[in-house]
Amino acid sequence: MEMQQIRYFLAVCDQGSITHAAQLTYVSQPSLTQAIKKLEDEMGGALFTRTRSGCQLTPLGRMVESNLRKIYRDLQTTKADAIRFTRLNTIPLRIGLMTTIGAQRLSPCLAKYQQEYPNIELELIVDSEASLLKQLDSGLLDLIISAPVQLPASPYQSTLLYEERYVVVFSNTHRFNQLQKIDLKAIQSEPYLDRLNCELREDLKCICQNQEIDLYAAYRSNSEEWILQMVKAGIGVALMPEYTLPKQATDISYRYLYEPEIRRQVYAIHTHQTPAKPELQALIVNLSST
């Protein structure tokens with residue numbers, strides 16, 4: 001049994017698909033399939049039932065999954081300890097960031113942290129919340145920073161970092177520059193730029209329905225950068241968390257949304273199974289105290 005086989009097996013478990021698992025692990029589908037087949041030969045039977053909709057664990061697969069996850073987590077811990085030794089106590093931390101988390105608030109915190117802990121190496125991975133949680137479960141991440149609509153239950157542990165309000169974003173030449181306050185009713189008369197990755201997107205739809213407000217989505221994108229570029233170009237207006245905006249944004253203005261005022265809370269999330277690294281705890285304290 002090889003560790004790569006275990007890694008590929010867990011990726012298929014988490015993704016539910018050979019295709020997505022291959023993309024996550026940066027390997028070709030034939031190579032991943034061959035590795036899984038060799039692991040199944042060693043285990044003495046099929047680990048997955050393959051259907052058109054994806055892959056599901058067989059009873060044998062469910063039986064071995066927990067042990068293989070433990071083996072993989074132990075390997076990750078051992079590798080981290082080895083890196084500390086060989087790099088003169090340089091410690092790597094892998095941090096997952098939900099796609100809508102902006103750098104404005106966190107970047108100064110990370111800079112301060114690395115000044116206080118120069119022996120720490122930070123690796124930042126930007127992805128969807130669902131994908132980040134799976135990577136956290138697999139031991140590929142030490143911590144994720146997210147704004148969940150509902151806090152994940154055990155085995156996850158969540159620490160509130162900060163709260164931010166939603167703002168109405170528009171170009172400097174837009175008529176909204178003349179207003180001090182902007183509500184949803186004012187936005188419905190403008191081309192609206194729909195952020196597909198917005199975690200409060202469904203809640204916003206409910207608010208609009210209750211207030212009989214129709215936001216016409218002239219454009220949609222799952223990229224915050226593209227939304228901002230379209231705002232700059234004067235294509236439309238957008239609703240965004242305030243710290244998602246660049247601190248020195250040019251050609252962009254904003255006002256805080258009111259009636260209703262919308263806020264979100266940003267959390268640091270890790271698992272109870274993850275060993276309590278002092279450097280990880282120090283990072284959480286640093287991020288939540290700024």
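What counts as what
- Residues numbered from 1 in each chain as written.
- Predicted model: local features only at pLDDT ≥ 70, side-chain atom pairs only at ≥ 80, totals over all residues.
- Heavy atoms only, no water.
- Helix = DSSP H or I, 4+ residues; strand = E, 2+ residues; numbered from the N terminus.
- Buried < 20%, exposed > 50% of the residue type's maximum accessible area, 1.4 Å probe, protein only.
- Contact = heavy atoms within 4.5 Å.
- Areas by Shrake-Rupley, 256 points an atom, 1.4 Å probe, with all protein chains shown as cover.
- Lys, Arg positive; Asp, Glu negative; His and termini not counted.
- Charge placed at Lys NZ, Arg CZ, Asp CG, Glu CD.
- Salt bridge = Lys/Arg side-chain N within 4 Å of Asp/Glu carboxyl O.
- 1 Å grid on protein atoms, 1.4 Å probe; cavity = no way out; pocket = protein on both sides within 12 Å on 5 of 7 lines; lining within 4 Å.
- Points joined across faces, edges and corners; volume = space filled by probe spheres on them.
- Nonpolar A, V, L, I, M, F, W, Y, C, P; charged D, E, K, R; others polar.
- Phe/Tyr/Trp six-rings, centres within 6.5 Å; stacked < 30°, edge-to-face > 60°.
- Polar contact = N/O pair within 3.5 Å; in protein donor to acceptor, adjacent residues only side chain to side chain.
- Core = buried A, V, L, I, M, F, W, Y, C linked by side-chain atoms within 4.5 Å.

### Quick word on the overall build of the protein chain
- Scanning the protein chain from terminus to terminus reveals 10 helices and 11 strands.
- Considering only C-alpha atoms, the protein chain reaches an extent of 70 × 50 × 30 Å along its principal axes.
- Every one of the 290 residues in the protein chain was classed for burial, and the buried ones make up 46%.
- Taking all contacts inside the protein chain whose residues are at least 6 apart in sequence as the whole, residues at least 24 apart take part in 74%.
- In the structure as shown, the protein chain presents an accessible area of about 15200 Å², 51% of it carried by carbon and sulfur atoms.
- Each charge class in the protein chain was averaged separately, 30 positive and 32 negative side chains, and the resulting centres sit 2 Å apart.

### Some thoughts on the pattern of salt bridges
- Applying the stated rule across the entire model yields 16 salt bridges.
- Between E163 and R263 there is a salt bridge, with the nearest N and O atoms lying 3.2 Å from each other. With E163 in strand β6 (residues 156-171) and R263 in strand β11 (residues 263-271), the pair connects residues that are 100 residues apart, well separated along the chain.
- You can call R263 partly exposed: its relative accessible area is 39%.
- Linking E261 and R263 is a salt bridge whose minimum nitrogen-to-oxygen distance equals 2.7 Å.
- Assessed through its relative accessible area of 43%, E261 is described here as partly exposed.
- The network of salt bridges with shared partners includes E163, R165, E261 and R263.

### A closer look at empty space enclosed by the protein
- Summed over the entire model, instances satisfying the criterion amount to one cavity of 30 Å³ or more.
- One number sums up the size of the largest cavity: a volume of about 80 Å³.
- Taken together, R7, L10, A11, D14, Q15, L24, T25, Y72, K134, Q135, S138 and L140 make up the lining of the largest cavity.
- Elements with a minimum of two residues in the lining of the largest cavity: α1 (3-15), α2 (18-25) and α6 (129-137).
- Element by element, the count of residues in the lining of the largest cavity is highest for α1, at five residues.
- Along the lines of polarity and charge, the residues of the lining of the largest cavity split into five nonpolar, four polar and three charged.

### Describing the packing of aromatic side chains
- Applying the stated criterion across every chain, the model contains five aromatic pairs.
- With a centroid separation of 5.6 Å and 85° between ring planes, the pair formed by F170 and F176 is classed as edge-to-face. Per residue, the accessibility class of F170 equals that of F176, and both read buried.
- Ring centres 6.0 Å apart and planes at 90° place the aromatic pair Y254 and Y256 in the edge-to-face group.
- Relative accessible area serves as the criterion here: at 31%, Y256 is assigned to the partly exposed category.

### Examining the layout of surface pockets
- Of the volumes computed, that of the largest pocket is approximately 470 Å³.
- Taken together, 21 residues make up the lining of the largest pocket; nearest its centre are R7, Y26, E123, Q135 and L140.
- Going through the elements one at a time, α1, α2, α4 (59-86), β3 (91-98) and β4 (120-127) are the ones with two or more residues in the lining of the largest pocket.
- At five residues, β4 tops the list of elements feeding residues into the lining of the largest pocket.
- Partitioned by chemical class, the residues of the lining of the largest pocket number 11 nonpolar, four polar and six charged.
- In this structure, the second largest pocket spans a volume of roughly 320 Å³.
- Those elements that provide at least two residues to the lining of the second largest pocket are β7 (192-195), α8 (201-210) and β8 (217-221).

### A look at the side chain of R69
- Here R69 shows up in helix α4.
- When its relative accessible area of 14% is taken as the criterion, R69 is described as buried.
- There is a polar contact of 2.5 Å between the side chain of R69 and the side chain of D14.
- For R69, the residues in contact, after removing those within four places along its chain, are L10, C13, D14, D137 and S138.

### What to know about the nonpolar core
- Counting residues in each nonpolar core, the largest one holds 23 residues, and the members touching the most others are I101, I145, L283 and L287.
- For this core, the secondary-structure elements that each account for two or more residues are β3, α5 (103-116), β5 (143-146), β6, β11 and α10 (278-288).
- Filtering out sequence-adjacent residues up to four positions away, L283 remains in contact with L93, I95, L110, Y113, L122 and L143.
- Counting residues in each nonpolar core, the second largest holds 20 residues, with L10, L32, F48 and Y72 among its members.

### What about the side chain of T100?
- Along the chain, the position of T100 falls in the loop between β3 and α5.
- Filtering out sequence-adjacent residues up to four positions away, T100 remains in contact with R195, N197, C198, E199, E224, T244 and R264.

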